[in-house]
Structures are given as C-alpha cells and as structure tokens.
Amino acid sequence: MSLTFHWFLPTYGDSRYLVGGGHGVATTNTAAGSRPATLAYLGQIARSAEQLGFEGALTPTGAWCEDAWLSTAMLAEVTERLKFLVAFRPGLLSPTLAAQMAATFQRHSGQRLLLNVVTGGESAEQRAYGDFLDKDARYARCDEFLHVVRALWRGERVDFDGTHIRVAGAELARTPDPVPELYFGGSSPAAGVVAANHTDVYLTWGEPPHKVAEKIQWIRGLAAERGRAPRFGIRLHVISRDTSEQAWAEAQRLLDALDPATISRVQEGLARSESEGQRRMLDLHGGSTAGLEIYPNLWAGVGLVRGGAGTALVGSHAEVAERIEEYHALGIDEFVLSGHPHLEEAYWFGEGVLPILERKGLWRHPAGPAEAGPASIPFAEASREPAATS
C-alpha cells in the first residue's frame, strides 16, 4: 500500500516559532513574527500542500482556533484536489445535522471531505460549549452519535432512543457519495470501544515505535472482535533538512525561544487534562527541556508548550524517511504532519523526504506523474543545439 501524507492548517495562527495551545490551555506564541490565520495565508498552505503531494490537510477544532467546517469550506474554493480532514465534536451538534453537513460538503467540494471525530478531552472547555457530560459519558454519546450518522449515510430512516442520543424519523434527502472516512484517536478504554466500532483510520500521537505498536495491537484486536479492520495513522510534527545537523539546529532554535515561565504555565494547565493521550505525551518529557530526543529522530520539544500532538521527527531527509519506514513496518499507513512555520516546512518535507519515499516505492503523488514531474522549459533543448553554419 502506498503511504498517505496529510498536512495541517494552523487556523489559530502560524509563526517561525512554536505556537502552543489546545487541550484547555490558551494559544501562546513564544516569540514575535506571528502570522494571522487569514484565508489568504491558509490558502497558501493548502495550495502548497496540494502541489507537493499531500492527500489532505487536518483542521483542528476547539475554542483556541477558527471553526473547522467554515474555514475548510472556504478553502475548498482555492484548491482543486486537496482533501480536508475536518475535526469536529459530536456533542456540539445533532447527528442528523452532522450527517447532512457532511453530505453537503462532500458534494460541493468534489468529494474532498474526511472527518476527524474528537470527543473532547477537557470538561471545562466542553462546558463552555454547553456540554456537561463527563469523559466516559462523552465517549458513550459519541458511540451512539456515530451509529446514527452511519445509518443515515446508508440511506436509512432512523429512529433511535439511546442514553444520550434520541432521533425520530431522521433521514437524508441526499446521502454522501462516497461516504466520508472517519478518523478517530484516543488512548483510554472507552476510546478503544468507539474506535473499534466505527473508525476507518485510527490515529495515534507520535510516541516511540514500541508504544505505537502496542496501541495498534490493542485497537486491531478490539476491531477484529467486531469483524472490522481499520487502517492506522500517526500525528507528528516534522523538522527535515538537508543534513541532520541543520535539522537539530532548527529544533534548538525553537527550544531556545521558549520562555521557562511559559513552559511552566502550559505544563500546569496540561497536567489537569482528562485525556489519557495527553498524559502519555507529558510523560515523554516530564516538563523538562533536557533529554528531549526520546527515540532516534523523535523530539518531544513541541509538547512543552502545545497540547495534543507534542513530538516531531527531526533529522536529515534520509533519517526522517527511515523513521517513517519504521512506523510503516508497524502498520502505520497514514501520516498527519505539521511544522513551524507550516508553509516553509511543507516544502522542506515535500521536496526532501517524499522523493526518497517515492524512489523506494512507498509513495506516489496523488495527482499522478504528469503533475508531479519536474518543470519543463519550452525550447530549452533546441537552444542547446549548435548554431547552423553556412
């Protein structure tokens, strides 16, 4: 199977430095030079990702960023092929409305919608949106929600009376074609049940390979009990350069710009997180700036100031490609990547790492060889011919 790569749309703003936030902590930019999340700038990132060969782009959800549905609907107009991996929270809208929105998006975008289901790991943030369920109840509701959505997408008329979800006579005038794939991540036992029941692609954050292998085995076993076989993906940041020394120098530059007081404040906030995945991220560095290379070419520095995905692949293009191959050997087929800033890092990875994977037969450009090939200069060959003599 050819590997699939997605990029990331920073709808909270971008910078040449680390931008923190998420999982109940406020967005923080540790240095000057921030780039507002305008449609013009996000469009630059989206078009670049499309040209470089990324399949899609993840757009986050939460109080710390712009709305994912609206942002990507607007960006669909400035792109042609790129898919949008829209993150959304089941508890904040009805399953019938979500199914209808997805069907509309799928039609008007030219079949370019993917969905990242986020149950919501922080009760305080959920309450701000009017959701007062606890964590386990949110997962139970998510399971019921996705049951209804799947049935509606199959064209069924749905009557459902669950613990958290209740609909009567629900149906769609037009179903999506194709049905959007569901991406889902979670490390708690309750999350595992939902993933096994519904997910097409199970996403894990970037832990060392042996820990990722354990999670794959866990979800694969739960899904097999239900007669399902999801694919697996991983969410990582990336710093890829021509040489390893250049890549690690860039990581050090990002680290040097972090204010110790900011790190302490963010870590205190993240320590209150209810997310098992977030706890696992914090355990990788313990809030310390020492020993951040937790596995060859895997750097935990991003997680010092950012909730959620907190690790980055750091190294030469060849080294980053090797780590990707290592994760792929475990069963990871999709990589959701990002970098700071997202525009420039897309090019470092797209022009440095993807060609290596292509030569190894592990990746091919989604648009095919015609669009992906090198630029040609008309009449260039003719201009090299010697001038005729008389």
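Bear in mind the structure is a predicted one, so any value in this text is a computation, not a measurement.

(A) Focus on the overall build of the protein. Summing up its helical and strand segments, the protein has 15 helices and 15 strands in all. Taking 21 Å as the expected radius of gyration for a compact globule of 390 residues, we find that the protein reaches 22 Å, a close match to that expectation. Projected onto its principal axes, the C-alpha positions of the protein cover 90 × 50 × 40 Å. Within the protein, the fraction of its 390 residues that count as buried is 56%. Nonlocal contacts in the protein, meaning residues at least 24 apart in sequence, comprise 74% of its contacts between residues at least 6 apart. For the protein, the exposed surface amounts to about 16,700 Å²; the carbon and sulfur share of it is 51%. For the protein, the distance from the average site of its 36 positive side-chain charges to the average site of its 47 negative ones is 3 Å.

(B) Representation of the packing of helix 1 (residues 39-52) against helix 2 (residues 68-75) in the model. Taken N-terminus to C-terminus, the directions of helix 1 and helix 2 make an angle of 70 degrees; their axes are 10 Å apart at the nearest point. As the angle between them shows, helix 1 and helix 2 are arranged roughly perpendicular. Seen from above, helix 1 lies across helix 2 with right-handed handedness. Of the residues in helix 2, those in contact with Leu39, Leu42 and Gly43 of helix 1 are Ser71, Met74 and Leu75.

Reading the values: rules and limits
Here the residue numbers are simple positions, counted from 1 along each chain's written sequence. Where local features are concerned, this predicted model is filtered to residues with pLDDT of at least 70; where side-chain atom pairs are given and counted, the filter is 80 or more; whole-chain, interface and lining totals use all residues. Just so you know, side-chain values use all the structure's heavy atoms and leave hydrogens and water out. Think of it this way: any DSSP run of H or I at least four residues long counts as a helix, any run of E at least two long counts as a strand, and we number them from the N terminus. Atoms counted for the radius of gyration: C-alpha only. Globule rule: 2.2 Å times residue count to the power 0.38. Each residue gets one of three labels from its accessible area relative to the maximum for its type: buried under 20%, exposed over 50%, partly exposed in between, using a 1.4 Å probe on protein chains only. Whether two residues are in contact is decided by their heavy atoms: any pair within 4.5 Å suffices. Here, Shrake-Rupley sampling with a 1.4 Å probe gives the accessible areas, and only protein chains in the shown set may cover a residue. Charged residues are defined here as Lys and Arg on the positive side and Asp and Glu on the negative side; His and the ends of the chain fall outside this count. Positions of charges follow a simple convention, taking NZ of Lys, CZ of Arg, CG of Asp or CD of Glu. For helices, the fitted line uses only the C-alpha atoms of the stretch in contact; every axis is such a line through C-alpha atoms, and the angle between N-to-C directions lies from 0 to 180 degrees. Here the angle decides the label: under 35 degrees means roughly parallel, over 145 means roughly antiparallel, 65 to 115 means roughly perpendicular, and every other value means oblique. When the near helix sits turned anticlockwise from the far one by under a right angle, the crossing is termed left-handed; a clockwise turn instead gives a right-handed crossing.

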